[in-house]
Amino acid sequence: MEFIRAFIVGGLICVVGQVLIDLTKLTPARIMVLFVVAGVILGALGIYPMLVEWGGAGATVPIIGFGNTLAKGVIEDVDQKGILGAFSGGVKAGAVGIAAAVFFGYIMAVVSKPKIKNKT
Amino acid sequence: MGTRLGKHTVRLDSKPVIQSWAAIVGLKEGHGPLSNYFDEIIEDEYFGEESFEKGESKFLRETFNKILSKGEVSAGDIQYIFAGDLLNQCIAASFGIRETEIPFFGLYGACSTMAESLSLGSFMVEGGFAERAVCITSSHFCSAEKQFRFPLEFGNQRTPTSQWTVTGSGGVMVGKAGDGPRVTHVTTGKIVDMGINDANDMGAAMAPAACDTITVHFRETNLPFDYYDLIVTGDLGSQGKSICSQLLEENGITVKDFYNDCGVMIYDSQKQKTDCGGSGCACSATVLGGYLLEKLSKRELNKILFVATGALHSPLSLEQGETIPAIAHAVSIEMV
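Bear in mind the structure is a predicted one, so any value in this text is a computation, not a measurement.

Conventions and cut-offs
Residues numbered from 1 in each chain as written. Chains lettered and ligands numbered in written order. Predicted model: local features only at pLDDT ≥ 70, side-chain atom pairs only at ≥ 80, totals over all residues. Core = buried A, V, L, I, M, F, W, Y, C linked by C-beta atoms within 7 Å. Buried ≥ 20, exposed ≤ 12 C-beta atoms within 10 Å, placed from the backbone. Contact = placed C-beta atoms within 7 Å. Helix = DSSP H or I, 4+ residues; strand = E, 2+ residues; numbered from the N terminus. Pairing = 2+ DSSP bridges. Nonpolar A, V, L, I, M, F, W, Y, C, P; charged D, E, K, R; others polar.

## Some thoughts on the nonpolar core
Right, on to step 1. Ranked by size, the top nonpolar core spans 105 residues in total, and within it Ala133(B), Val174(B), Met206(B), Ala210(B), Phe306(B) and Val307(B) carry the most contacts.
Right, on to step 2. In contact with Ala210(B), not counting residues within four places along its chain, are Thr233(B), Leu236(B), Cys244(B), Val307(B), Thr309(B) and Ala328(B).

Have a look at this one:
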């Protein structure tokens, strides 16, 4: 059951992205930024954590989940150290994701060579 | 000596001859409907080099060598090279031909480069400044994605109006004598900017420029609209092609049955998932240097109007919110 819920939430998030690509003139980079910002706002309003509760990885793995993590980190750090937490909390909460992205991105760049996906 | 017919058009009275031509393409183009017409189909997108940019230079270099060998001349017989491409500072062309030791004019006309170089090469021959000139250009899907959109490593999603940059190089050698197809008129386009700023919809940005140049060509030459067996635009793609024929119709020029677009011809867009079709300098250049000149020399076509189209923006200008200026140059090629 958990798998199906993750599938539904993750799938719906991707549908929103696909609709934006097909029907608007937004570039993929802008769509990505939009998703992160939307995640921050939904996270701050307490809406996204409910999605995470219900959909699990379906909600945390897409980039919008990263926005939610930033918001969550900021809220926690502000509680502990006041307004300075607004600057430290997000980066701290996202540290694992950011460092892993840089690390694995580097490893993959070293071991692989870009090629055309759809060759014929 | 040539005769000026109007603001944009000159008639080349000596009718410079296209003495030889060649086109080398990548695998995707080699799987398209025109595959039998290309000189070589290269499976490896790196062409044995270590970067896409070096690979693109090799496409251009090999095509240049092919033009020379097909024309049975050596590098010393060529007085000028006119070449350009899509990369910053046109490195595919300058690195591709740096060992040739032939006087070189580097051009940037975006995807209109084939018609631009052919125009200038023909002027050189017409003016008596050159016995032979080579006009050549290249583009490469992988290097163009990096240059204009995102590097392939980014894994960018394609939009439905986007086109597929042709990997390959095409070119011609134009000279004084011979019995090949001849360049009879050149109509040089002006910049047309209709205010479009969607980089994924180049066809719509370039169609008005193509329409403008074709309209001016017929007005200044006084030729009947059905004079040509084929009017072929460079790389408008399916969407741009239909916009262009609609705009021509509005100008009173009906060309439906003998109008086509290289971007539409080069791929089977359904089967090959190229969305709106092909684009890039090599799109019109490989269709010209592969298919069109072959058809002309066999007299399956007798007169064509080759109208290569280019979008003259840069990634920077787009980021600064500028619209896309477009241009189209027309060259009449006829069997006399």
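Don't stop here, the text continues.
## A look at unusual backbone geometry
Residue and element names in this part refer to chain B.
Right, on to step 1. Its identity as a non-glycine residue notwithstanding, Glu101 has a phi of 60 degrees, on the positive side.
Right, on to step 2. Secondary-structure assignment places Glu101 in the loop between α3 (91-96) and β6 (104-106).
Right, on to step 3. Its 9 C-beta neighbours within 10 Å are what place Glu101 among the exposed residues.
Right, on to step 4. Of note, the phi angle at Arg299 is positive, near 60 degrees, even though the residue is not glycine.
Right, on to step 5. By secondary structure assignment, the location of Arg299 is in the loop between α10 (281-297) and β14 (303-311).

## What about the pairing of strand β10 (residues 182-187) of chain B?
Residues and elements named next belong to chain B.
Right, on to step 1. Within β10, five of the six residues are buried, which leaves it mostly tucked inside the rest of the structure.
Right, on to step 2. Strand direction decides the pairing type here: strand β2 (residues 9-11) and β10, joined by three bridges, are antiparallel. Of the residues in β10, the one forming a bridge with Thr9 is Thr187.
Right, on to step 3. Note: β10 against strand β15 (residues 326-334), five bridges, orientation antiparallel. Bridged to Val186 within β15 is Val331.

## Observations concerning the interface of chain A and chain B
Right, on to step 1. With ten residues of chain A at the interface, the matching set in chain B holds 15 residues.
Right, on to step 2. Looking at side-chain class alone, the side of chain A that touches chain B contains four nonpolar, two polar and four charged residues.

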